Amino acid sequence: MKTLRIAFLLFCALVLLAVPVLTLASATAEPVYSLYENRNLAGRPGLTLSGLLSGEYFEAWEAYLRDRVWQRDRLLRADAALQTALSRPFVNDVLVSDEALLPYVTGIDPGSVAADAARMADALSALSEQVAAYGGVFLYVGVPNQYSACRAGYPDYMDYVGEGLDAARDAFFAALDERGVAWLDMNEVFADPAAFYFHTDHHMDLPGSVETCRAIFDALRGMGIEIPDHLSDVTYRALPNPFYGSRGRKLYGLGGMTEELLVYDRAPEVAYSRRDYDGTENAPLIALPETGSEPVSYGIFTGGDMAETVITTDRPALSSALIFGDSYTNTIETAFYTGFDETRSLDLRYYGDVSLSDYLAQHRPRVVVCVRDDANYLNFTGNGNLHGDAEIR
């Protein structure tokens, strides 16, 4: 028995020694992108006097070793597999249902809905009045969040999710009506919202985004904006590549649910030039993979979230436009630009040079469109920070 104890202690000591040694031996100094976590892993820290004195140097080493621990992906995948085998309802905050992979959410507090709806509507009314003052038009576009569109997949005890979303939506659009702000609710346009959403990702798919863009164009035409029709003949094809959705990645591909990523087979044929905030010129709106085997994600659309993008089509007879919002705009932008001479897009989560109000005063786009999902109608940060009242970044 004593021999077994000694052997066990020696084994534990060997593991404790081997893991950091193997980690240091296999880790690289440069940041490495983690496909499953959709982020760059921490890079090896450099030694500075200030970092050493403040303790940040040691904290950076802790983050580096935590991100680079030997066989990290396999360990995390094994943990997800164990939690799944134990039939936990949520694994890594993701629920596997017949409808879709859905996130754990606490819901919207119904007690704050009325006041928050009025506050957001006031901010949007001021923005709409600013645009109207220089002769432009403003349109607010609401789209279902993926878990809103697929809410039928939640268990009965989570009915509060849909109830909170519906309460916020009703109060919000009623407040916009009271202030005369033009809006479009895609919940009322889609006959079956779930049909236009990914099952393993938190976004709308490309066909749903094109349908949204068509509805936006129809609404703008009703507001007196001339927009040519380049969206009546688009078709789609599925990429053969494995698709890594944001929710599927959290389960390390163990959810048992797979799907294809659709891209244009016949795309809107409007020539354009593009300039991004970082100075990149003429990047494709959809970055197609070089082979049929490499993994793809929602990030192939417009290159992911961009602080600012400017697309020009050299058609001065058409209007200029600005579209802003969260990542739901990424797929919409692949079609939206076809309606305008110049299209600017902003994501206020990353763009902080000036406030949105100052940006409008500088560029004076004829058309201004805000796109937000129904889980964020009453979110005052990022793309809900309309007048620079809080830190944008």
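Above this text is the structure in question.
Residues numbered from 1 in each chain as written. Predicted model: local features only at pLDDT ≥ 70, side-chain atom pairs only at ≥ 80, totals over all residues. Heavy atoms only, no water.

Moving on, we come to the overall build of the protein. Counting secondary structure elements, the protein contains eleven helices and 14 strands. Expressed as a percentage of its 393 residues, the buried residues of the protein come to 47%. Sequence separation of at least 24 residues holds for 75% of the intrachain contacts in the protein that already meet a minimum separation of 6. In the structure as shown, the protein presents an accessible area of about 19,100 Å², 54% of it carried by carbon and sulfur atoms. (Helix = DSSP H or I, 4+ residues; strand = E, 2+ residues; numbered from the N terminus. Buried < 20%, exposed > 50% of the residue type's maximum accessible area, 1.4 Å probe, protein only. Contact = heavy atoms within 4.5 Å. Areas by Shrake-Rupley, 256 points an atom, 1.4 Å probe, with all protein chains shown as cover.)

Moving on, we get to the packing of aromatic side chains. The geometry of two aromatic rings is summed up by the distance between their centres and the angle between their planes. Per the counting criterion, the structure on display carries 21 aromatic pairs. With 5.4 Å between their ring centres and 75° between their planes, Phe173 and Tyr377 make a pair best called edge-to-face. Residue Phe173 is found in helix α7 (residues 160-179), and its partner Tyr377 is found in the segment after β14 (367-373); the two are separated by 204 residues along the sequence. Each member of the pair Phe173 and Tyr377 is classed as buried. (Phe/Tyr/Trp six-rings, centres within 6.5 Å; stacked < 30°, edge-to-face > 60°.)

Our focus in this paragraph is the sheet that holds strand β13 (residues 342-346). Sheet architecture is open: seven strands sit in the order β7-β6-β14-β12-β13-β11-β10, paired in mixed fashion. Lying at the two open borders of the sheet, with one neighbouring strand each, are β7 (183-185) and β10 (273-276). In this sheet, neighbouring strand axes are inclined to one another by 15° on average, regardless of whether the strands run parallel or antiparallel. Note: strand β12 (residues 320-325) against β14, five bridges, orientation parallel. Bridged to Leu322 within β14 is Val368. (Pairing = 2+ DSSP bridges. Axes fitted to C-alpha atoms, helices over the stretch in contact; angles between N-to-C directions.)

Looking now at the pairing of β13. Across the five residues of β13, four count as buried, placing the element largely inside the fold. Bridging between strand β11 (residues 308-312) and β13 involves five bridges; their strand directions are antiparallel. Bridging across to β13, Glu308 finds its partner in Leu346. In this region the chain leaves β12, passes through helix α10 (residues 329-336) and returns to the parallel neighbour β13; the handedness of that crossover is right-handed. (Right-handed = clockwise from strand over helix to strand, strands pointing away.)

It is worth spelling out the nonpolar core at this point. With 54 residues, the main nonpolar core has Val141, Ile216, Leu220, Phe336 and Val369 as its most contacted residues. Of all the secondary-structure elements, those providing two or more residues to this core are β6 (137-143), α6 (146-149), α7, α8 (206-222), β9 (262-266), β12, α10 and β14. Ranked by the residues each element gives to this core, the list is headed by α8, at seven residues. (Core = buried A, V, L, I, M, F, W, Y, C linked by side-chain atoms within 4.5 Å.)

It is worth spelling out the pattern of salt bridges at this point. As enumerated under the stated definition, the model contains 15 salt bridges in all. Notably, a salt bridge pairs Arg266 with Asp233, separated by 3.8 Å at the nearest N-O pair. Taken as a pair, Arg266 in strand β9 and Asp233 in the loop between α8 and β8 (235-238) lie far apart in primary sequence, 33 residues in all. Residue class for Arg266 comes out partly exposed when judged on its relative accessible area of 40%. Between Asp326 and Arg349 there is a salt bridge whose closest N-O contact spans 3.7 Å. Within this pair, whereas Asp326 is found in the loop between β12 and α10, its partner Arg349 is found in the loop between β13 and α11 (356-363), the two being separated by 23 residues in sequence. Residues participating in the shared-partner salt-bridge network are Asp305, Asp326, Asp347, Arg349 and Arg372. (Salt bridge = Lys/Arg side-chain N within 4 Å of Asp/Glu carboxyl O.)

With that settled, consider the side chain of Arg249. Position of Arg249 relative to the elements: it lies in helix α9 (residues 246-250). Put simply, Arg249 is tucked away with no salt bridge, and the nearest opposite charge, on Asp201, sits 5.2 Å away. Within the structure, the side chain of Arg249 is placed 3.0 Å from the backbone oxygen of Tyr244, a separation counted as a polar contact. (Lys, Arg positive; Asp, Glu negative; His and termini not counted. Polar contact = N/O pair within 3.5 Å; in protein donor to acceptor, adjacent residues only side chain to side chain.)

Once that is clear, we can look at helix α5 (residues 113-133). Over its 21 residues, α5 runs 30 Å from end to end, which matches the ideal 30 Å to within 8%, given 1.5 Å per residue. Listing the buried residues of α5 in full gives Val113, Ala117, Met120, Ala121, Ala123, Leu124, Ser125, Leu127, Ser128 and Val131. In this structure, the buried side of α5 is in contact with β6, α7, β12, α11 and β14. Remark: Gly135 follows α5 within two positions and exhibits a positive phi of approximately 95°. (Expected span 1.5 Å × (residues − 1).)

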